[in-house]
Amino acid sequence: MVNVEYDSVEKRYGDTIAVEDIDLTVEDGEFAILLGPSGCGKTTTLRCLAGLTEPTSGTITLGDYDVTDVHPKNRNAAMVFQNFALYPHMTVRENIGYPLKVAGIDGADRTERVQEVAEMLEIPELLDRDIANLSGGQQQRVALGRAIIRRPSVFLMDEPLANLDAKLKLSMRSRIKVLQRELDITTLYVTHDQEEAMSLGDKLVVMNEGHIQQIGSPDEVYHEPKNRFVAGFIGSPSMNFVTVEMDESGVVRSTDGVDGFEYGLASSVAERYRDHDEFVLGVRPQYFTAHTEPVDNAIRGQIKVTEPQGDNQIIDVLVGDEDGDSIELTVKAPSTVEAVRTEDIWLTIDDPLVHGFDVRSGDRID
Ligand code: ATP
């Protein structure tokens, strides 16, 4: 069993807390994604496991061993970096085989394993090429090959697709997923791209400002976000947030003085928020329905911008007075809705799917 366990890991640089209270278990063979905005501590968390950064306090266990003070070379962790970090003066064959050479594995055994890895990554024809002549995607496959050839117990990847163009990113994404499943290696993968995270991970670890905000499956973090940060970070376009108060009959109104943001929630939904004088209502863009004619119980707004997306469109809707208090809502609607700039639009909400968040703590209420 090669599971990974972080126990109260903290890393400080002088007064800067890079990460704090990191408690995380990644099970044997699991694909875990560390996800969060720039500077939230993802790389620091990964580097602590690789042994490239020494935690200020806490322990890290790999399998049955406490590796907190173990030299990086003796951790059996392989890391793939964003910039590939290949040896430019060596061929593909030499790069992939390098970890075996360092480990003293020579001759036929090394040749055979390099061939096996190259076939797995579908690059055997590149083995005798120089690194400098390869495309970004090919270089990344060589970097993956060099990482897996040692059969590490844990695979660490720090934004490995960040330098690839959009199309290559997609094909490398599925290749990494298949490879991880085939090799069944416990994997920790850093990205700030939530779409990449959702498509790759068994387990998402959402971080912000040095702290873990939520650990869960892609479905859990999307449908049951623990707090407002996770709700806003996961999902594109982002969830809309409006601070509201609710009256006896379940009608919510914006507390920011925005005229027109008024909506009657279904009684079963309103029930969830009865104990809260004020709360933040969270609505994903696709949970609005856009109507081009007035309908009952709808929020009236004005179309600011539309962005076609094939079958769908993203509509920016201004609610309130443009020169006074107003809010902008992002709405995702089918492209068949005839949304014309500056015209009025009426929004209803698929309200069983909304969330409520505590105004102060940001924790999800429902
Ligand atoms: P990015 O996505 O931009 O790479 P990240 O989430 O990986 O960011 P880290 O690189 O782990 O974030 O950094 C976390 C915090 O620790 C940041 O505030 C960063 O400035 C700080 N930090 C990281 N390394 C050092 C260092 N060597 N010295 C001082 N501060 C550091």
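Every value quoted in this text rests on a predicted model; they were computed, and no experiment measured them.

Calculation notes
Residues numbered from 1 in each chain as written. Predicted model: local features only at pLDDT ≥ 70, side-chain atom pairs only at ≥ 80, totals over all residues. Helix = DSSP H or I, 4+ residues; strand = E, 2+ residues; numbered from the N terminus. Contact = placed C-beta atoms within 7 Å. Near = placed C-beta within 6 Å. Nonpolar A, V, L, I, M, F, W, Y, C, P; charged D, E, K, R; others polar. Expected span 1.5 Å × (residues − 1). Axes fitted to C-alpha atoms, helices over the stretch in contact; angles between N-to-C directions. Parallel < 35°, antiparallel > 145°, perpendicular 65-115°, else oblique. Left-handed = near helix turned anticlockwise from the far one by under 90°.

### Here's the deal with the environment of aspartate 7
- The residue aspartate 7 is located in strand E1 (residues 4-13) in this model.
- Those residues in contact with aspartate 7 that lie beyond four places of it in its chain are Asp23, Gly58 and Thr59.

### Describing the site of the ligand
- In the vicinity of the ligand, the contacting residues are Tyr13, Thr16, Ala18, Gly36, Ser38, Gly39, Cys40, Gly41, Lys42, Thr43, Thr44 and His192.
- Of all the elements in the fold, those that place two or more residues in the shell around the ligand are strand E2 (16-26) and helix H1 (42-50).
- A total of three residues in the shell around the ligand trace back to one element, the largest contributor, which is H1.
- When its residues are assigned to classes, the shell around the ligand shows three nonpolar, eight polar and one charged.

### Observations regarding helix H5 (residues 166-183)
- Compared with the 26 Å implied by 1.5 Å per residue over 18 residues, the 26 Å span of H5 between its first and last C-alpha is a close match.
- Remark: aspartate 184 follows H5 within two positions and exhibits a positive phi of approximately 55 degrees.

### Re the packing of helix H4 (residues 136-148) against H5
- The contact between H4 and H5 brings their axes to 11 Å, and the two run at 15 degrees. The pairing of H4 with H5 is recorded here as roughly parallel in orientation. The chirality of how H4 crosses H5 is right-handed. Where H4 approaches H5, its residues Gly136, Gly137, Gln140, Leu144 and Ile148 are matched on the opposing element by Leu168, Met172, Leu179 and Leu183.
- Class assignment of the residues belonging to the contact of H4 with H5 gives a composition of six nonpolar, three polar and no charged.

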